[in-house]
Amino acid sequence: MPLDRLVLIIACVLISAAVTVWLGVVLLTAFSVPFGWLALIPASLVGYVVFRVIAERAGNKTEDHYDEMEN
């Protein structure tokens with residue numbers, strides 16, 4: 001993958017994360033929600049994504065490119 005494409009993907013992810021946080025803050029100003037509960041939302045989403053990536057990687061034998069390599 002070219003470096004410029006990787007930088008563009010990272011920039012898009014960071015911008016979308018910032019917009020999501022900003023919209024969340026704007027919406028939460030209308031409600032009184034304890035801050036501790038707000039930390040559980042992104043933490044649970046990150047945990048879910050990590051779980052899915054590990055489950056997909058462990059269950060897919062075609063992804064094991066290095067298993068067939070000889071030293």
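The rules behind these values
- Residues numbered from 1 in each chain as written.
- Predicted model: local features only at pLDDT ≥ 70, side-chain atom pairs only at ≥ 80, totals over all residues.
- Heavy atoms only, no water.
- Helix = DSSP H or I, 4+ residues; strand = E, 2+ residues; numbered from the N terminus.
- Buried < 20%, exposed > 50% of the residue type's maximum accessible area, 1.4 Å probe, protein only.
- Areas by Shrake-Rupley, 256 points an atom, 1.4 Å probe, with all protein chains shown as cover.
- 1 Å grid on protein atoms, 1.4 Å probe; cavity = no way out; pocket = protein on both sides within 12 Å on 5 of 7 lines; lining within 4 Å.
- Points joined across faces, edges and corners; volume = space filled by probe spheres on them.
- Nonpolar A, V, L, I, M, F, W, Y, C, P; charged D, E, K, R; others polar.

## Looking at the overall build of the chain
(1) Moving on: Across its full length, the chain carries two helices and zero strands.
(2) Moving on: When each of the 71 residues of the chain is scored for burial, the buried share is 1%.
(3) Moving on: Summed over all atoms, the accessible surface of the chain reaches about 6800 Å², with 73% contributed by carbon and sulfur.

## With respect to the layout of surface pockets
(1) Moving on: Within this model, the largest pocket holds a volume of roughly 380 Å³.
(2) Moving on: Considering the residues around the largest pocket, the lining is formed by 14 residues, among which T20, V21, G24, L38 and P42 are closest to the centre.
(3) Moving on: Within the residue set of the lining of the largest pocket, elements represented by two or more residues are α1 (3–28) and α2 (35–59).
(4) Moving on: Ranked by residues supplied to the lining of the largest pocket, first place goes to α1 with eight residues.
(5) Moving on: Here the residues of the lining of the largest pocket are counted per class, giving 11 nonpolar, three polar and no charged.

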